[in-house]
Amino acid sequence: MAFSNKCIYNYIDTLCDTWLSWNDSLLKGVFPDGAETLNQALGEEGSNVRSRAKELFRVGFLKKELTLGNDALQMIRNDTNLQTTFGFLSGVIFKAYKTIATQNFKESMGAVCSILSVIQSVPIGSIELTINSICLRLLNKFPCPESYGNLLWLRWLLSGLFCELGKKDNTNIHSIESFFKHETEELRLSIICQNEDKQYVERGSFSSSDDIATLIDEKVSLTNILNQKAPLFILGDDSEDNPRGFYGFAFKSNPDFLRVCYEMEQEHVEDSPFKFFFDEDIRTSYKPNVIEKLNELAGQNHHFQEEYNKIMKNLLDGAKDALVQMTGEKLHAVSLSAEESISKHQTVIDALKTKPFVLLAGLSGTGKSRLVKELAYMSCPRGTGLDENVAEPGNYCLVEVKPNWFDSTELLGYYSNLSGRYELTKFVKFVYKAAQNPDVPFFVCLDEMNLAPVEQYFAEYLSVLETRKVVNGKIVASEILPKEVFSNCQLQGESIRGLSEGDAEKPLYSEPDAAIISFLKENGLILPENLFVIGTVNVDDTTHQFSRKVIDRAFTIEMNGGKLDAMFKADNSLEYREPDDLVPLSFIKPKYVNALDAMSEMLEEDSEKIKSDVPVLLSEVNEILNGTPFATSYRVENEMILYIHSIYYKTELNMEQKISTAFMAVMLQKVLPRVQGDSNSLKTLDGENVLVKLKDFIARKCSGEEDHVGLYKDIMKKIDVMQRKLRISDFTNFFG
């Protein structure tokens, strides 16, 4: 069965639409449709599909408001109320379905459908059976020939059953009941449909698989069958105009779970373990604790528990993926325009989500500085004062590095004993502005940052960058400059010797600058978690080589320009966006600093795979680099795992591919930039060229993987370029 996102299953679509129309009102305590009480709103006349859906999601969402975002996942883990959990997780998945396709949507949808399949009951005479038990009993009686699809076959079986159950003068009901009680193996079912005169007539009947095959071959139509309950459970074809029921998807997704449930129920049909899900009267069968009973069953049967745990795992995975893709703190999806912006700069964004310091290397004129400005435009909100400048967004700061920068005063400012002022730089002012707008990404572009020795003028930032840690869900760090640096700063001139009385009364700063100084005196120059530093790098006779201290702390991405005809295409990347088209901070900002914290959010088997694979990969790299100054360290391993987390919820990658992608990114953006020197410097302990050995190793490890982002080709090409430079001049490096 081909799965189509555009073809949602009948029952699930009803639940989803109901939730979408009800959720906003119910969370605010407002009952829709003029109802004054919850019972009135849910419907007091029985338990139809919509009232069941409303009850399910009411329980889940009133307790777990979606504004909790990812924090709700931790609450779910600590919650023993399965009804609440199921309602919340299902609703999150359906919300995601209406906005974006989630990584685990198919599996999590199967989990929801499977649970619904074993709690939905149908009265047959004096007994009541779950839809799961009915389906499997029918399939046992009427095996599907190989030449027919199981789902089409099941549609016929259920159509025949529901047509029989819908007859007014149902003389066949007792024989049907006897069949489901296993008192007889004989069963004849009819297909009853409306004719052109709107009269219900029998179109055929069957008591064997051969009979069904004959009806299918004769193209008997199942349109307008007698009992309208049937569309909740039966399956249509694969067209988008005829959605399929939920049971077929449940069976295809979790057949073992449904078989175990069937076996448990069939042991004692009249006293089924599923019987306590339902009241004697089917019209009031949906009780708030229905799903809760599944926990009791899980403790009674080992096989059930094993399969049930898989179901709940898929459900949690789908909701986790949906929450993350819908941005964590608040549930909202980005627009198609924002998705295109993210996709265009995916390589840089993946690096920034790992660490907020990136180097862009490449020839002059390849768009390095422009890229930083594009990132700012696509995330700069309107109406906040950050959009006042038409030529430059307020969350963007271009700092032109000068060749005479040999300490940090040009970037961080200094205190002047002569004037009594702290001389504020635009970098310091920009950091302050970022701290005042914590929900907006702020981008510093250090233009041609290697015109001066980076480790000299940028030492404070490089050191503080490594002090980051997560506290109460936010990333904090030591101050770039502690508040003691600003302790002597006065806002008025009265303390300055030699000033006349009139001059002493004058403020030393403008009003905006005075606010900054007051902040610095109280807090120091902090490193906000929404501040991203991107340095552009040109390599020629006027620039300095990067020290390993700088390279170790950054991801280095090479830009060599695009196709030249691209300049003739319409481009609005340097324009402010509409609110719905903004890229949120959570799509760019790192969530974790420590690999173990990042792994705690992953599935246990994924975390274990990282523990087993990543150290081995990097250890093998270090074996090659042994004897050279280029070996990797804990920092590289930590950031490789953080990189895996940054791409963890990408739908097109399995776990093996995520690890491979992160490994190739680390090799290209962190390891190769460290490799530089003459031919002697590049020799391994066995006297071989380190670039040759790295290329062979990467080819063995990664060439078999599908290259989703072109990293493998980029690595191979870069090593070839570095090798060619080494042959020509007996010196090579990553840059230039």
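Computed from a prediction, not measured in an experiment: that's the story for all the values here. (Residues numbered from 1 in each chain as written. Predicted model: local features only at pLDDT ≥ 70, side-chain atom pairs only at ≥ 80, totals over all residues. Heavy atoms only, no water.)

Q: Would you mind showing me how to read the overall build of the protein chain here?
A: Counting its secondary structure elements, the protein chain contains 30 helices and 15 strands. Burial analysis of the protein chain (736 residues in total) assigns 53% to the buried set. Expressed as a percentage of contacts within the protein chain between residues at least 6 apart in sequence, the contacts between residues at least 24 apart total 74%. A total accessible area of about 33100 Å² is found for the protein chain, and carbon and sulfur atoms account for 48% of it. (Helix = DSSP H or I, 4+ residues; strand = E, 2+ residues; numbered from the N terminus. Buried < 20%, exposed > 50% of the residue type's maximum accessible area, 1.4 Å probe, protein only. Contact = heavy atoms within 4.5 Å. Areas by Shrake-Rupley, 256 points an atom, 1.4 Å probe, with all protein chains shown as cover.)

Q: Would you mind showing me how to read the side chain of Arg468 here?
A: Among the secondary structure elements, Arg468 is positioned in the loop between α21 (459-465) and β10 (469-471). Buried and without a salt bridge, Arg468 has Glu639 as its closest oppositely charged side chain, separated by 5.7 Å. Among the polar contacts made by the side chain of Arg468, one reaches the main-chain carbonyl oxygen of Leu465 at a distance of 2.9 Å. Sequence-distant contacts of Arg468, defined by excluding residues within four places in its chain, comprise Lys355, Pro356, Ile475, Val476, Ala477, Leu527 and Val593. (Lys, Arg positive; Asp, Glu negative; His and termini not counted. Salt bridge = Lys/Arg side-chain N within 4 Å of Asp/Glu carboxyl O. Polar contact = N/O pair within 3.5 Å; in protein donor to acceptor, adjacent residues only side chain to side chain.)

Q: Quick question: what am I supposed to make of the environment of Gln657 here?
A: Positionally, Gln657 belongs in helix α28 (residues 655-671). Counting along the chain gives 45 residues from Gln657 to Cys702, while the straight-line C-alpha distance between them is 9.3 Å.

Q: Can you walk me through the packing of helix α19 (residues 426-436) against helix α23 (residues 511-523) in this structure?
A: Two measures define how a pair of helices packs: the angle their axes make with one another and the distance between the axes. Remark: α19 packs on α23, axes separated minimally by 11 Å, with the N-to-C direction vectors making an angle of 75 degrees. The angle between α19 and α23 falls in the class roughly perpendicular. In contact with Val428, Lys429, Tyr432, Ala435 and Gln436 of α19, α23 contributes Asp513, Ala515, Ile516, Phe519 and Leu520. Residue composition of the contact of α19 with α23, by class: 7 nonpolar, 1 polar and 2 charged. (Axes fitted to C-alpha atoms, helices over the stretch in contact; angles between N-to-C directions. Parallel < 35°, antiparallel > 145°, perpendicular 65-115°, else oblique. Nonpolar A, V, L, I, M, F, W, Y, C, P; charged D, E, K, R; others polar.)

Q: What am I meant to see in the pattern of salt bridges here?
A: Where charged atoms from two side chains of opposite charge come close, those side chains can pair. The final tally for this structure, using the stated rule, is 24 salt bridges. Its salt-bridge partner being Glu164, residue Lys167 comes within 3.1 Å of it at the nearest N-O pair. Looking at Lys167, the relative accessible area reads 24%, which means it is partly exposed. Glu608 is the salt-bridge partner of Lys611, the closest N and O atoms lying 3.5 Å from each other. Linking Lys611 with Glu608, this pair stays in helix α26 (residues 604-625), spanning 3 residues, or about one helical turn. Judged by relative accessible area, Glu608 falls into the partly exposed class, the value being 41%. It is possible to trace a salt-bridge network through shared partners that takes in Lys355, Glu466, Arg635, Glu639 and Lys670.

Q: What should I look at first to understand helix α30 (residues 711-729) in this one?
A: The periodicity of an α-helix, 3.6 residues per turn, causes residues three or four positions apart to be oriented the same way. Here α30 is 19 residues long and its end C-alpha atoms lie 27 Å apart, about the 27 Å a rise of 1.5 Å per residue gives. Inspection of α30 places Leu711, Tyr712, Ile715, Met716, Lys718, Ile719, Met722, Gln723 and Leu726 among the buried residues, and these make up the whole buried set. Burial along α30 is one-sided: seen end-on, the buried residues are contained in an arc of 165 degrees. Summarising the geometry of α30, the exposed residues directed more than 90 degrees from the buried face are Lys713, Lys717, Arg727 and Ile728. Note on α30: the residue one or two positions beyond its end, Asp730, has a positive phi of about 60 degrees. (Expected span 1.5 Å × (residues − 1). Arc of directions from axis to C-beta.)

Q: Where do I start with the pairing of strand β4 (residues 200-206) in this structure?
A: Side-chain direction in a regular strand flips from residue to residue, so the side chains alternate between the two faces of the sheet. Strand direction decides the pairing type here: strand β3 (residues 189-194) and β4, joined by 6 bridges, are antiparallel. Considered in β4, the bridge of Ile191 is made with Gly204. What sits between β3 and β4 in their antiparallel hairpin is a turn of 5 residues, with Lys198 showing a positive phi close to 65 degrees. (Pairing = 2+ DSSP bridges.)

What is shown is where atoms sit, not what they do.
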